[in-house]
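Results of the structural survey
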Amino acid sequence: MLVVAFEHIKPNIFQAPAENFTNVASSMFEVLLERHDRESLERLAEVLVPRTPPPPRLLKEAAMRVRTRKAVLESGDWLNAADVAQLAGLRTRNPRAQPNKWKKQGPIFAINHGGVDCFPGYGLDRDAGFRPVKALAKIIETFSEHKDGWGMAYWFHSDNSFLGGKRPQDLLA
C-alpha cells in the first residue's frame, strides 16, 4: 500500500500524479494477475499429470472403456430424471423424485454420465405410462451385487449368445 499526503495542493495540479499512480497500480495489478494465472496453470498441470506414467495396460483399458461407454450412450435413448418424469406424466413439486426412487428401489437403473443420472429409455414401458418395464427389476436384482449402472448398461447393450446373438435391451419389452 502506498500513501501519499499532500498539503495545500490544487486539484488541477494533483490530477497528473493521480493519473500516474493509477497507471502504475493498474500495471502492477496486470503483472500480478498474469503471474497468478501462470502459477495456477502450473499447479493444475501438476495435478492432472500422473506422477508416474500409467502402464500400457491401463491406457488400453481406458481406451476400451471410452469406446464402450460411447457405444452404450449411442445405443438408445438415455433420459435424465426430469425427462422420465415428464414422459411418465409425474406432476409433483420435485419431478426427479420418483425416477430416483425407482432407481433406489430397483425397478430401473441409471448410469452416471457427466454428473447426471441417465435412465435407459428401453427400460420404460410405453404401454404402462412410461413406468419401468416389470422384467427389468428381476434382472437388476440378479446383477445388483456384481454390476453398477454402467455394468448393467454394458450387459444390456452386448450381443448375448443365450439370446440368439441379440441384445437384451432389444428384447426387454
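It should be noted that the structure appears before, not after, this text.
A brief structural summary. These numbers come from a predicted model, not from an experiment.

Now for the overall build of the protein chain. Assigned secondary structure in the protein chain consists of 7 helices and 5 strands. Reading the protein chain from its N end, one meets helices and strands in the order α-α-β-α-α-β-β-β-β-α-α-α. Here the C-alpha atoms of the protein chain give a radius of gyration of 29 Å, more than 25% beyond the 16 Å that 2.2 N^0.38 yields for 173 residues. The buried share of the protein chain, reckoned over its 173 residues, is 24%. For the protein chain, long-range pairs separated by at least 24 residues make up 51% of all intrachain contacts whose partners lie at least 6 apart in sequence.

Considering all chains together, one arrives at 7 aromatic pairs under this definition. Ring centres of Tyr122 and Phe156 lie 5.5 Å apart, and the angle between their planes is 40°; on these two criteria the pair is classed as tilted. Placement of Tyr122 in the loop between strand 3 (116-120) and strand 4 (124-125) and of Phe156 in helix 6 (residues 149-157) is noted, with a sequence separation of 34 residues between them. The class of Tyr122 is buried, set by a relative accessible area of 14%. Ring geometry for Trp155 versus Phe156: centroids 5.0 Å apart, planes at 85°, classification edge-to-face. What makes Trp155 partly exposed here is its relative accessible area of 23%. Linked through ring pairs, Trp78, Phe109, Tyr122, Phe143, Trp155 and Phe156 together constitute an aromatic cluster. The ring of Phe143 has Lys147 lying over it, and the distance from NZ or CZ to the ring centre is 5.4 Å.

The subject of this paragraph is a nonpolar patch on the surface. Residues Leu41, Leu44, Val47, Leu48 and Val49 make up a contiguous nonpolar surface patch of about 550 Å² in total accessible area. Inspection of the secondary structure assignment puts Leu48 in helix 1 (residues 11-48).

If you trace the 3 strands from one edge of the open sheet to the other, you get 1-3-2, paired in antiparallel fashion. Two strands in the sheet have a free side with no partner beyond their single neighbour: strand 1 (78-80) and strand 2 (111-113). For this sheet, the mean angle separating the axes of adjacent strands, direction not counted, is 45°.

To continue, consider the packing of helix 5 (residues 134-143) against helix 6. Running from N to C, helix 5 and helix 6 cross one another at 120°; their axes reach a closest spacing of 11 Å. Taken as axis vectors, helix 5 and helix 6 run oblique relative to one another. As helix 5 runs across helix 6, the sense of the crossing is right-handed. Taken together, the residues of helix 6 that come into contact with helix 5 (itself represented by Leu136, Ile139, Ile140 and Phe143) are Met152, Trp155 and Phe156. Looking at side-chain class alone, the contact of helix 5 with helix 6 contains 7 nonpolar, no polar and no charged residues.

How each quantity is defined
Position numbers for residues start from 1 in each chain and track the written sequence from start to end. In view of the model being predicted, local features appear only for residues whose pLDDT reaches at least 70, and side-chain atom pairs are presented and counted only at 80 or more, with totals across whole chains, interfaces and linings using the full set of residues. Side-chain descriptors were evaluated using all non-hydrogen atoms of the structure, hydrogens and water having been removed beforehand. Think of it this way: any DSSP run of H or I at least four residues long counts as a helix, any run of E at least two long counts as a strand, and we number them from the N terminus. Only C-alpha atoms enter the radius of gyration, while the globule expectation follows 2.2 Å times N to the 0.38, with N the number of residues. Buried residues are those whose accessible area, probed at 1.4 Å on protein chains only, stays under 20% of the maximum for their type, while exposed residues exceed 50% and partly exposed ones sit between those limits. In this analysis, two residues are considered to be in contact whenever any of their non-hydrogen atoms come within 4.5 Å of each other. Stacked, tilted and edge-to-face are the three classes assigned to paired rings of Phe, Tyr and Trp, where Trp is represented by its six-membered ring and a pair needs centres within 6.5 Å; plane angles under 30 degrees give stacked, over 60 edge-to-face, the rest tilted. In this scheme, Lys NZ or Arg CZ marks a charge over a ring once it lies within 6 Å of the ring centre and within 35 degrees of the ring normal. Put simply, a patch holds well-exposed residues, over 30% relative accessible area, that have no salt bridge, with like charges counted together within 9 Å and Val, Leu, Ile, Met, Phe, Trp or Tyr side chains within 5 Å. Per-residue accessibility takes into account occlusion by the displayed protein chains alone, with areas from the Shrake-Rupley method and a 1.4 Å probe. Salt bridges are identified by distance alone: a Lys or Arg side-chain nitrogen within 4 Å of an Asp or Glu carboxyl oxygen. Here a strand pair is declared whenever DSSP counts at least two bridges between the two strands. Between N-to-C directions, angles span 0 to 180 degrees; the directions come from axes that are lines fitted to C-alpha atoms, helices contributing only their stretch in contact. Orientation categories follow fixed angle ranges, with anything under 35 degrees roughly parallel, anything over 145 roughly antiparallel, 65 to 115 roughly perpendicular, and all other angles oblique. Should the near helix be turned anticlockwise from the far one by less than a right angle, the crossing is left-handed, and should it be turned clockwise, the crossing is right-handed. In this count, Pro and Cys sit with the nonpolar residues alongside Ala, Val, Leu, Ile, Met, Phe, Trp and Tyr, while Asp, Glu, Lys and Arg are called charged and the others, Gly among them, polar.

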